[in-house]
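What follows is each chain in one-letter form.
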Amino acid sequence: MKSASIAAPRKEVHKGRLSWREMLRWLLEDGLIDEAQVQRTEQRFGAADTSMHGLVRLSHANLTRLADGKSLDLDLLTEWLARRAGLPHLRIDPLKSDVGRIGDIMSAGYAEARRSLPVLVGLTEVTVATCEPFDLDWVGQIESHTRKRVILAVANPLEIQRYTTEFFTLARSVRAAQKSGESNQPASFEQLVELGRNNKALDANDQGVVQVVDWLWQYAFDQRASDIHLEPRRDTGVIRFRIDGVLHTVYRLPPTVLSAMTSRIKLLGRMDVVEKRRPLDGRIKTRNPVGDEVEMRLSTLPTAFGEKMVMRIFDPDTTVKDTAALGFASHEAKRWNELTARAHGIILVTGPTGSGKTTTLYSTLKRLATDEVNVCTIEDPIEMIESAFNQTQVQNVLDFGFAEGLRALMRQDPDIIMVGEIRDLETAEMAIQAALTGHLVFSTLHTNDAASAITRLTDLGVPGYLISATVIGVLAQRLVRTLCEACKEPDPDTTRDSLNELVKHWRMNGGVKPYRPVGCIECRNTGYRGRAGLYELLTVSEAVKATLHPTPDLTALRRQAMQEGLRPLRLAGAMKVAEGLTTVEEVLRSTPGWEA
């Protein structure tokens, strides 16, 4: 949520609500439009309905600013009105609004009548967004009622209307859910016994709980969240979203409501609602507002203050992304496609949790899974259900792990096998055996870079000669936040020299177009929107194999791979900076250093 600096004092005294005619004349006085535009607008809207807010009405008038010919849309008109009123301009960010406390400031009916919405509630002051900056008779009443100083800001009238409905509807659902089971505190290591209270349980199917859970999912889809966290704390429950790799606190609500929400989601995910002492896994398939099916993987964990739940949301378009959409440079894309076209061998994808390994693997397997090919996977758990694959899940309670699953898959006449992760020597040996018998095997490892995957296999106990005989390629990857296209601006401080310093011993060729983040409503004032992949592809050639005997030499391996076209992750990031897609800070944060 971003507020502009307070503008100059009001140009003239005005009390009450503004009509579109008054604002039209003010635009003329301020030199933004000419008399011809005023007359045309008055003729067009002369007998128009006055219930529509004046700014919204003028945004439909196709007015253009005289200075630069730019169309005066609703956002520009709102910024202008804020300057005219001498108040800051505010863009409402629901992730940074005190949704749970707005009901303490004013009722929904009062907010609608005053066309104002509380957004931030502090100890001594409350920030209220309004689209009627001259109709302020109510301010004294709110200050007297709350004993807090009211800070006004001007916001888009359509945003105020939308979020007034959403915020108060959610607050009502939470209150209704809390009222249904006010004293049902979830199990905690610091359980406090309260006397004189009933023990009515909050039902997971209570209408208030159902509405809050529905809102949670729709809101997460709308905000492009990749993960939803329901976290019990000592005195409250916290909902957080991970957006573009960064966690944002969305809502705080009573622990009883959070516990009921967790039970509701477990019920829908066909999990054991009663069992709260051990971790559980589940999955739910639903639809986003566009109507596309969305997979959500559920995971619970007992904590000191109750049961914590994380829901991982999988993009329905994940398995149909091509190499360009994944973020591969043309150089890496060509080499990756050649590598995955091989008939047999092991291809490893490495990187930390959340680096996009699953997306890369599923997209690649989807492309390879034709009618002539049998693709089988063994996963823990199955990330996304894909009809083009034969997917099997590890069942540790039945002594059915990756090694046992691989052994079973070998008897299923597979062409391509995907192993969720190589964790031990037994699984590694089975993957090697599958590759030696003519299968193409994909798997993942958690290493910093591509070359380190070779030493990880050595650490597990795999001999160097078997590694050189089976491993044909290693792809290391990271995800970096991409700059918001709506607000990014050129960054003169990032030059070709600074990019060369970022990746020492490399020279950046071609046009350099570095940008820096600014922040706008589209990106929630972070300056970033979306993420892109960085890739480091190591192909195991005969020359690279020579560095694996008798034991792998990591330095020699890296040097040889670099001579054959390997581009380190940091160099891949520098190229994204040069293209104006991300920043040096993002690359340094996300990628390891390079030594060769």
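Values in this document were obtained by computation on a predicted structure and should not be read as measured data.

Enquirer: Looking at this structure, I do not really get unusual backbone geometry. What am I missing?
Expert: When glycine is set aside, most residues are seen to have a negative phi, and most peptide bonds are trans. For the bond from D380 to P381, the omega torsion is -10°, close enough to zero to count as cis. The topology assignment puts P381 in the loop between β11 (375-379) and β12 (390-393). Unusually for a residue other than glycine, R115 sits at a positive phi of about 50°. By the element assignment, R115 lies in the loop between α5 (108-114) and β1 (116-121). The class for R115 is partly exposed, based on a relative accessible area of 21%.

Enquirer: What exactly am I supposed to notice about the UniProt feature "domain: Bacterial type II secretion system protein E" (unreviewed entry) in the chain here?
Expert: Mapped onto the present numbering, the UniProt feature "domain: Bacterial type II secretion system protein E" (unreviewed entry) falls on residues 410-424. Secondary structure across residues 410-424 comprises 0% helix and 27% strand; the distance between its end C-alpha atoms is 18 Å.

Enquirer: Just to check I follow, could you spell out the packing of aromatic side chains for this structure?
Expert: What describes a pair of aromatic rings is the distance from one ring centre to the other and the angle between the planes of the rings. Evaluation of the coordinates by the stated rule reveals nine aromatic pairs. In textbook terms, an aromatic cluster arises when at least three aromatic residues are bridged by ring pairs, as seen for W215, Y219, F241 and Y251. We note R57 situated over the ring of F45; from NZ or CZ to the ring centre the distance is 5.3 Å. Sitting above the plane of the Y515 ring, K488 keeps its charged end 4.6 Å from the centroid.

Enquirer: Is there a simple way to think about the sheet that holds strand β3 (residues 149-154) in this case?
Expert: Strand pairing within a sheet occurs via backbone hydrogen bonds; the two strands may be parallel or antiparallel. Reading across the sheet, the three strands line up as β1-β2-β3 and stay open at both edges, with mixed pairing between neighbours. Two strands lie at the open edges of the sheet, namely β1 and β3, each paired on one side alone. Geometrically, the sheet is characterised by an average inter-axis angle of 30° between neighbouring strands, direction not taken into account. Judged from the six bridges that link them, strand β2 (residues 125-130) and β3 form a sheet pairing that is parallel. Of the residues in β3, the one forming a bridge with E125 is R149.

Enquirer: Mind showing me how you'd approach the nonpolar core here?
Expert: In summary, soluble globular proteins display a tendency toward joint burial of nonpolar side chains. Counting residues in each nonpolar core, the largest one holds 88 residues, and the members touching the most others are L216, W217, I228, I239, F241 and I265. Element by element, the count of residues in this core is highest for helix α8 (residues 207-222), at nine residues. The residues contacting W217, other than those within four sequence positions of it, are I228, I265, L268, I284, M296 and M311. Membership of the second largest hydrophobic core comes to 41 residues, among which are V394, F402, I467 and A476.

Enquirer: For this particular structure, what's the right way to read the packing of α8 against helix α9 (residues 255-268)?
Expert: Two packed helices can be described by the angle between their axes and the distance between those axes. Their axes nearest at 9 Å, the elements α8 and α9 cross at an angle of 75°. Here α8 is positioned roughly perpendicular relative to α9, judged by the angle of their axes. For the pair formed by α8 and α9, the contact residues are V209, V210, V212, V213, L216 and W217 on the first element and A260, M261, R264, I265 and L268 on the second. Across the contact of α8 with α9, the residue classes tally to 10 nonpolar, no polar and one charged.

Enquirer: Sorry, what's going on with the packing of helix α1 (residues 20-29) against helix α2 (residues 35-45) here?
Expert: Contact geometry of α1 with α2 gives a least axis separation of 10 Å together with a crossing angle of 170°. Put simply, α1 runs roughly antiparallel to α2. Taken together, the residues of α2 that come into contact with α1 (itself represented by W20, R21, L24, R25 and L28) are E35, V38, T41, E42 and F45. The class makeup of the residues in the contact of α1 with α2 is five nonpolar, one polar and four charged.

Reading guide: rules and limits
Residues numbered from 1 in each chain as written. Predicted model: local features only at pLDDT ≥ 70, side-chain atom pairs only at ≥ 80, totals over all residues. Heavy atoms only, no water. Helix = DSSP H or I, 4+ residues; strand = E, 2+ residues; numbered from the N terminus. Buried < 20%, exposed > 50% of the residue type's maximum accessible area, 1.4 Å probe, protein only. UniProt positions renumbered as here; feature names shortened; annotations may be inferred. Phe/Tyr/Trp six-rings, centres within 6.5 Å; stacked < 30°, edge-to-face > 60°. Lys NZ or Arg CZ within 6 Å of the ring centre and 35° of its normal. Pairing = 2+ DSSP bridges. Axes fitted to C-alpha atoms, helices over the stretch in contact; angles between N-to-C directions. Core = buried A, V, L, I, M, F, W, Y, C linked by side-chain atoms within 4.5 Å. Contact = heavy atoms within 4.5 Å. Parallel < 35°, antiparallel > 145°, perpendicular 65-115°, else oblique. Nonpolar A, V, L, I, M, F, W, Y, C, P; charged D, E, K, R; others polar.

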